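One-letter residues, chain by chain:
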Number of protein chains: 2
Amino acid sequence: MHILVIGAAGMVGRKLTDALVKAGEVGGKGIERLTLADIVAAGKPSFGGAVETIATDLSAPGAAAALVGKRPDLIFHLAAIVSGEAEADFEKGYRINLDGTRELLEAIRKESVKSPYKPRLVFTSSIAVFGAPFPEAIGDEYFSTPLTSYGTQKAIGELLLNDYSRKGFLDGVGIRLPTIVVRPGKPNAAASGFFSNILREPLVGQEAVLPVSRDVRHWFASPRAAVGFLLHAATMDTAALGWRRTITAPGLTATVGEEIEALRRAAGDKAVALIREEPNETIVRIVAGWPRNFDARRALALGFKAESSMDEIIRAHVEDELGGKIGG
Amino acid sequence: MHILVIGAAGMVGRKLTDALVKAGEVGGKGIERLTLADIVAAGKPSFGGAVETIATDLSAPGAAAALVGKRPDLIFHLAAIVSGEAEADFEKGYRINLDGTRELLEAIRKESVKSPYKPRLVFTSSIAVFGAPFPEAIGDEYFSTPLTSYGTQKAIGELLLNDYSRKGFLDGVGIRLPTIVVRPGKPNAAASGFFSNILREPLVGQEAVLPVSRDVRHWFASPRAAVGFLLHAATMDTAALGWRRTITAPGLTATVGEEIEALRRAAGDKAVALIREEPNETIVRIVAGWPRNFDARRALALGFKAESSMDEIIRAHVEDELGGKIGG
């Protein structure tokens, strides 16, 4: 089969590509061809089949049609500019996150008109489609009232995915990803970065800054779980979804304090002592509008699996990123 | 004040224009200027102030900017192609109902960049943003899973209205209108037409066809109530909405059987005998996916008012359309 990954150079895209290359198959079908697209060229994995890396802007005229013209059987659409950037640059956010997605859907529809074509399309949405105030746990039928342009663009993507699926142009599955911890790599400027920083840095003997109080609660899954969601979405029987094609992925609700206690169990007091509390009112305010907890029973019933403890999330990071070794 | 009505030639647009002209003011502010836009020129009302009628396609390049460039203080955006047409012509539906709305919002945003400008924008959404299966009564926090492209386009309009309001480009209020009965005029091909036909035609001594069974339940308001919703949306304090700018309007849940009994009370057995039952499987199937009942407590708390009986709805029709007189 031929798989197209759009947004292949991002963190989740790279993890997904690695998993695809390692497995060599999806749902029992061998992967013969991988097309890896992103705004910058993704790294070329060492893979027995055909691999093509393409630097392209999905929102540019003809870009989506060029990708879809290759008629991939399975498309992962992970490409987006992040929340902070979409909020700062209104036009760019709508162009990349809304128009880019729509161009992709339209390219698939137009390709299907030429000759029968109906790829599985896995779309990464986000819990940012929800905006405060919330119930204690957000259920599967709760409404989308995003408080960011990014969340708005993702919510629109979900609606379009449903409609294009309903009309038979494609076979879509949307996944609202939890906040991913532990994100590998360097600390970044994302408002949510500290959730990872306070684990990742102390685990290698480095200092990390905590800008909010320890009682802040949020919704998490590991990069490993995120890849698992995408692969399950790629292979599941979509008849079970009806025309409600987007799922809130399962995750773990935990406080910053619970993160810290899991870090202590994994790496001791010395690691915890590396966390410097430096309250940042801007981040405190942003985080106050984020979801804290979900009742994701639909995803669980459909076979999606996430971690059930912060210890497990830390263990996944230590195994996948640190070769099993903790310490600086 | 200067009011722009987009979709002024439609049924609700004409009723709204009449109400504006009659009142001469909105929220205590005199109306000096009316701009009436639609795909075909609206009729010119006799009005003391300035009136301009414009035939324009909102989705055409520059069309929205030309309207918004007149800097109306209050904009009613009622324009849309209907459900059946949007379902039959996918491209046209997205062009008119989604791109047209987005062009309008973008024109307002760009106008606000030139010099401070922040009009009140009243947008008519629809209960078609909901798709079966439903709870017994749909609450104010229920999710949008439309089963038509029309409903999808309206749900996207709601999300955009929220985001543009949140960013401060405009002051938006969306209203999800119930199915309007009794629609004046001739029977039309809309799947929902029979809800009006079975009252309107017998009230003037004409036959009407009932294509579904009498236990079909749906959600209704009169044209008079719909105009009331729009005027209230135009003048309400939007601070109470937060960034949840769209409201399910209040309405009346009633069965076809209850419609018929109200007709009997108003016009007797002779009128009821004019209803011919002719089951139509296509219409039965379409209607089965429609909402039946809402718990619209948010709208009621915000001061929106609808009829509380089918008798009242029939009375509004007899007063507004038949000069108080029943019979053929």
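Preceding this section is the structure that the text describes.
So, here's what we can say about the structure. Remember, it's a predicted structure, so these values are computed and weren't measured experimentally.

1. Some words on the overall build of chain A
Here is step 1: Along the backbone of chain A there are eleven helices and 14 strands.
Here is step 2: Dimensions of chain A along its principal axes, counting C-alpha atoms only, are 60 × 45 × 40 Å.
Here is step 3: When burial is assessed residue by residue, chain A has 48% of its 328 residues classed as buried.

2. What to know about the sheet that holds strand β8 (residues 171-177) of chain A
Residues and elements named next belong to chain A.
Here is step 1: Strand order in the open sheet made by the seven strands is β5-β4-β1-β6-β7-β8-β12, with parallel pairing throughout. Of all strands in the sheet, those bounded by a partner on one side alone are β5 (50-55) and β12 (246-248). Direction aside, the axes of adjacent strands within the sheet are offset by 15° on average.
Here is step 2: Of the strand pairs in this sheet, strand β7 (residues 120-126) and β8 are connected by seven bridges, and their pairing is parallel. Of the residues in β8, the one forming a bridge with Phe123 is Gly174.

3. With respect to the relation of the copies chain B and chain A
Here is step 1: Expressed as a screw transformation, the operator carrying chain B onto chain A has a rotation angle of 180° and an axial translation of 0.0 Å, and the superposed copies differ by an RMSD of 0.0 Å. Such values leave the two copies arranged in the relation of a two-fold axis. Relative to the rotation axis, the closest C-alpha in chain B is found at Phe143 of chain B, a distance of 2.0 Å.

4. Some points on the interface of chain B and chain A
Here is step 1: At the junction of the two partners, chain B supplies 19 residues and chain A supplies 19 residues.
Here is step 2: Element by element, the count of residues in the side of chain B that touches chain A is highest for helix α5 (residues 149-166) of chain B, at eight residues.
Here is step 3: Classifying every residue of the side of chain B that touches chain A by side-chain character gives eight nonpolar, six polar and five charged.

5. Focus: the packing of helix α4 (residues 90-114) of chain B against α5 of chain B
All names here are of chain B.
Here is step 1: Their axes nearest at 9 Å, the elements α4 and α5 cross at an angle of 10°. As far as their axial angle goes, α5 and α4 are roughly parallel. In this structure, α4 uses Phe90, Gly93, Tyr94, Asn97, Leu98, Thr101, Arg102, Leu105 and Arg109 to contact α5, whose residues at the interface are Ser149, Tyr150, Gln153, Ile156, Gly157, Leu160 and Tyr164.
Here is step 2: When its residues are assigned to classes, the contact of α4 with α5 shows eight nonpolar, six polar and two charged.

6. A word on the sheet that holds strand β12 (residues 246-248) of chain B
Sheet strands pair via backbone hydrogen bonds, and the direction of the pair is either parallel or antiparallel.
Residues and elements named next belong to chain B.
Here is step 1: If you walk across this open sheet you meet the seven strands as β5-β4-β1-β6-β7-β8-β12, and the pairing is parallel. Both edges of this open sheet fall to β5 (50-55) and β12, since each of them pairs with a single strand only. Recorded for the sheet is a direction-independent mean angle of 15° between the axes of neighbouring strands.
Here is step 2: As defined by bridge partners, strand β8 (residues 171-177) adjoins β12 across three bridges and the pair is classed as parallel. If you follow Gly174 over to β12, its bridge partner there is Thr246.
Here is step 3: Packed onto the sheet, α5 meets β7 (120-126), β8 and β12 and runs at close to 155° relative to β7.
Here is step 4: Against the sheet, helix α7 (residues 223-235) contacts β6 (74-77), β7 and β8, and its axis sits at roughly 165° relative to β8.

7. Observations regarding the pairing of β6 of chain B
All names here are of chain B.
Here is step 1: Because side chains alternate across β6, one face comprises the buried residues Leu74 and Phe76, and the other comprises Ile75 and His77, equally buried.
Here is step 2: Of the pairings in the sheet, the one linking strand β1 (residues 2-6) to β6 comprises four bridges and is parallel in character. Bridged to Ile3 within β6 is Leu74.
Here is step 3: In terms of strand pairing, β6 meets β7 through four bridges, oriented parallel. Counted as the bridge partner of His77 is Phe123 from β7.

8. Side note on unusual backbone geometry
Here is step 1: Following Ala132 of chain A, the chain continues into Pro133 of chain A via a peptide bond in cis, with omega recorded as 0°.
Here is step 2: You can see Pro133 of chain A is positioned in the loop between β7 and α5 (149-166).
Here is step 3: The omega torsion of the bond from Val181 of chain B to Val182 of chain B falls at -5°, within 30 degrees of zero and hence cis.
Here is step 4: You can see Val182 of chain B is positioned in the loop between β9 (179-180) and α6 (193-203).
Here is step 5: Although it is not a glycine, Arg71 of chain A adopts a positive phi angle of roughly 50°.

Cut-off values and rules
Counting of residues starts from 1 at the beginning of each chain's written sequence and follows it residue by residue. Chains carry letters and ligands carry numbers; both start at the beginning, A for chains and 1 for ligands, and go up in the order they are written. Note on the predicted model: pLDDT of at least 70 is required for a residue's local features to be given, and 80 or more for side-chain atom pairs to be given and counted; whole-chain, interface and lining totals, by contrast, use all residues. Counting from the N terminus, the helices are the DSSP runs of H or I reaching at least four residues and the strands are the DSSP runs of E reaching at least two. A residue is called partly exposed when the number of other C-beta atoms within 10 Å of its own lies between 12 and 20, exposed at 12 or fewer, and buried at 20 or more, with C-beta atoms placed from the backbone. Following DSSP output, two strands are said to pair if at least two bridges run between them. Geometry is summarised by axes, namely lines fitted to C-alpha atoms with helices restricted to the contacting stretch, and by angles between N-to-C directions that run from 0 to 180 degrees. Here the copies are matched by least squares. The fit uses the C-alpha atoms of residues with pLDDT of at least 70 in both. Any two residues are considered in contact once their C-beta atoms, placed from the backbone, lie within 7 Å. Lys, Arg, Asp and Glu make up the charged group, whereas Ala, Val, Leu, Ile, Met, Phe, Trp, Tyr, Cys and Pro make up the nonpolar group; the residues left over, Gly among them, are polar. In this scheme, roughly parallel covers angles under 35 degrees and roughly antiparallel covers those over 145, while 65 to 115 is roughly perpendicular and the rest are oblique.

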